Amino acid sequence: MRRTVQTFTLERMFAEQDADVLVANAGDDARDVLVDAWILVEDGEEWRVETDPGEWSPDLSEGLGGPGPLITQVYDGLYHFMRTNTVTWCGSEVSGIDFVSAYPGRDGESFETLEEYEEDIAEYVDCGSGRADGS
């Protein structure tokens, strides 16, 4: 479920910061993998992040033989964006990877539905505490 927190955080990064800087920090390889996976989408002159895995490329591959990137490459691309960019909108600047790791509900066990989990992630990315920490 870490990828859900990463994609929601990446979406907010692109809303809050200069997309060219975010991409330059992460590098061409990470960008290309996320573009090929339909996670990072160029809309005219804007970038957007697709947070719904159901909308990602149907060609994502679990192993050999698929035409799209391996799912492990997608995870690596998301990680690279988090490692090389920062969260700037919740007070003190913090690396994306530290922000994602600090999400209190990352095990997903305190939620009965995927919708509850995604709502909690969205609330956390919007600088809330998340419900999983008991607040």
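Residues numbered from 1 in each chain as written. Predicted model: local features only at pLDDT ≥ 70, side-chain atom pairs only at ≥ 80, totals over all residues. Heavy atoms only, no water.

**Some remarks on the side chain of Asn85**
Inspection of the secondary structure puts Asn85 in the loop between α4 (71–84) and β3 (86–87). For Asn85, a relative accessible area of 2% gives the class buried. Among the polar contacts made by the side chain of Asn85, one reaches the side chain of Asn25 at a distance of 2.8 Å. Within the local environment of Asn85, its side chain forms a polar contact with the backbone oxygen of Phe81, the two atoms lying 3.1 Å apart. The contacts of Asn85, once residues within four sequence positions are left out, are Met13, Val21, Leu22, Asn25, Ala26, Ser95 and Gly96. (Helix = DSSP H or I, 4+ residues; strand = E, 2+ residues; numbered from the N terminus. Buried < 20%, exposed > 50% of the residue type's maximum accessible area, 1.4 Å probe, protein only. Polar contact = N/O pair within 3.5 Å; in protein donor to acceptor, adjacent residues only side chain to side chain. Contact = heavy atoms within 4.5 Å.)

**Points about α4**
Two residues of an α-helix separated by three or four positions point the same way, owing to the 3.6 residues in each turn. Helix length check: α4 (14 residues) gives 20 Å between terminal C-alpha atoms against 20 Å at 1.5 Å per residue, within 8%. Turning to α4, its buried residues number three or more, namely Ile71, Val74, Gly77, Leu78, Phe81 and Met82. Down the axis, α4 shows its buried residues gathered within 135° of arc, on one side only. (Expected span 1.5 Å × (residues − 1). Arc of directions from axis to C-beta.)

**Thoughts on the packing of helix α3 (residues 28–36) against α4**
Relative to each other, α3 and α4 sit at 130°, their axes nearing to 9 Å. With respect to their mutual orientation, α3 and α4 come out oblique. With respect to the hand of their crossing, α3 and α4 are arranged in left-handed fashion. Taking contact as the criterion, the partners of Ala30, Arg31, Val33 and Leu34 in α3 are, on α4, Gln73, Val74, Gly77, Leu78, His80 and Phe81. In terms of residue class, the contact of α3 with α4 is made up of 6 nonpolar, 3 polar and 1 charged. (Axes fitted to C-alpha atoms, helices over the stretch in contact; angles between N-to-C directions. Parallel < 35°, antiparallel > 145°, perpendicular 65-115°, else oblique. Left-handed = near helix turned anticlockwise from the far one by under 90°. Nonpolar A, V, L, I, M, F, W, Y, C, P; charged D, E, K, R; others polar.)

**Let's talk about unusual backbone geometry**
Here Trp38, not a glycine, exhibits a phi torsion of approximately 65°, which is positive. By the element assignment, Trp38 lies in the loop between α3 and β1 (40–43). Its identity is not glycine, yet Cys127 carries a phi of approximately 80°, on the positive side. Its place among the elements puts Cys127 in the segment after α6 (114–125).

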